[in-house]
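Structural description and commentary
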Amino acid sequence: NAGVTQTPKFRVLKTGQSMTLLCAQDMNHEYMYWYRQDPGMGLRLIHYSVGEGTTAKGEVPDGYNVSRLKKQNFLLGLESAAPSQTSVYFCASSYEAGLQPQHFGDGTRLSIL
Amino acid sequence: SQELEQSPQSLIVQEGKNLTINCTSSKTLYGLYWYKQKYGEGLIFLMMLQKGGEEKSHEKITAKLDEKKQQSSLHITASQPSHAGIYLCGAGPWGAQKLVFGQGTRLTINP
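Bear in mind the structure is a predicted one, so any value in this text is a computation, not a measurement.

Calculation criteria
- Residues numbered from 1 in each chain as written.
- Chains lettered and ligands numbered in written order.
- Predicted model: local features only at pLDDT ≥ 70, side-chain atom pairs only at ≥ 80, totals over all residues.
- Heavy atoms only, no water.
- Helix = DSSP H or I, 4+ residues; strand = E, 2+ residues; numbered from the N terminus.
- Rg over C-alpha atoms; globule rule 2.2 N^0.38 Å.
- Contact = heavy atoms within 4.5 Å.
- Areas by Shrake-Rupley, 256 points an atom, 1.4 Å probe, with all protein chains shown as cover.
- Buried < 20%, exposed > 50% of the residue type's maximum accessible area, 1.4 Å probe, protein only.
- Buried area = accessible area lost by both parts, 1.4 Å probe.
- Salt bridge = Lys/Arg side-chain N within 4 Å of Asp/Glu carboxyl O.
- Polar contact = N/O pair within 3.5 Å; in protein donor to acceptor, adjacent residues only side chain to side chain.
- Nonpolar A, V, L, I, M, F, W, Y, C, P; charged D, E, K, R; others polar.

Right, let's get into the overall build of chain A. Each helix and strand in chain A was counted, giving 0 helices and 11 strands. Overall, chain A shows an N-to-C arrangement of helices and strands of β-β-β-β-β-β-β-β-β-β-β. Over its C-alpha trace chain A gives a radius of gyration of 13 Å, about what one expects of a compact globule, namely 13 Å for 113 residues. Counting only C-alpha atoms and orienting by the principal axes, one finds that chain A spans roughly 40 × 30 × 25 Å. Partitioning the intrachain contacts of chain A with sequence separation of at least 6 by distance along the chain shows that 54% fall at a separation of at least 24. As displayed, chain A has an accessible area near 5400 Å², and 51% of this comes from carbon and sulfur atoms.

On to the side chain of R44 of chain A, then. Among the secondary structure elements, R44 of chain A is positioned in strand 5 (residues 42-49). When residues no more than four places from it in sequence are discounted, the contact partners of R44 of chain A are W34, Y35, R36, D38, E59 and V60 of chain A.

Another aspect to go through is unusual backbone geometry. The omega torsion of the bond from T7 of chain A to P8 of chain A falls at -5°, within 30 degrees of zero and hence cis. Mapped onto the elements, P8 of chain A comes out in the loop between strand 1 (4-7) and strand 2 (10-13). Cis peptide bonds are those with omega within 30 degrees of zero, and the linkage from S7 of chain B to P8 of chain B qualifies with -10°. As for its position among the elements, P8 of chain B is in the loop between strand 1 (4-7) and strand 2 (10-14). At E59 of chain B, a residue that is not glycine, the phi angle is positive and equals roughly 55°. When you line up the elements, E59 of chain B lands in the loop between strand 6 (55-58) and strand 7 (61-65). Here E59 of chain B falls in the exposed class, since its relative accessible area comes to 72%. Backbone geometry at K69 of chain B places phi at a positive 60°, although glycine is not the residue there. Take K69 of chain B: it is sitting in the loop between strand 7 and strand 8 (71-76).

Bringing the interface of chain A and chain B into the picture now. Facing the 21 residues of chain A at the interface are 21 residues of chain B. Roughly 1700 Å² of surface becomes buried between chain A and chain B when both sides are summed, with 62% attributable to carbon and sulfur atoms. Among the residues of chain A in contact with chain B, L43, L99 and F104 of chain A are the three that bury the most area, contributing 33% of the side total. Linking chain A with chain B are 0 salt bridges. At the surface where chain A touches chain B, the tally comes to 2 residue pairs in polar contact (both at pLDDT 80 or more). Mapped onto the side of chain A that touches chain B, the elements with two or more residues apiece are strand 4 (31-38), strand 5 and strand 9 (87-94) of chain A. Across the side of chain A that touches chain B, the residue classes tally to 11 nonpolar, 8 polar and 2 charged.

By themselves these figures say nothing about function.
If you want it as structure tokens, here you go:
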């Protein structure tokens, strides 16, 4: 059971470089989310999607873009990486309706030098 | 917006001891989720509470939601090294959409 898979697991970038984080889920979930986790601040929602072809801003969307071209994939892009974006990024997915828990990937540890 | 405050922020207990972690919300909770995160790994769903006064247990972990639905507690009985990790509470205005998380409680179990 793969669940939610994130790639890559680790990455080091230089300031100004761009990259895309990939999230894939095999549970046929409608909703997908991107969070960042920073020390002492818990998890903060960056962007989320309520279905294929839709995206919406979360709590901290600036500097990030997302796309949901296929139901099972949710991409997070950094167009021009900044040191403030050094963080651990988590992807999650959940069913559409009701009080259903989110299922998380193992995270991507990203360092911006 | 809803805010969740967890206490304590870190906790060190001796193996075999009981412990409690609290999660307090600034607004009424419609659904409260407890997750566990092992160091360097993703979040594992533990339990969800919805109704005031509700209590759920899984193995040696018990979670409760108070009657006013503004505070939840997570209690571990006879702690074991496998319980070590970061415990996070999460809540949202409805369902699993746009969850807000507490800052987490780091639990260390000493042998």
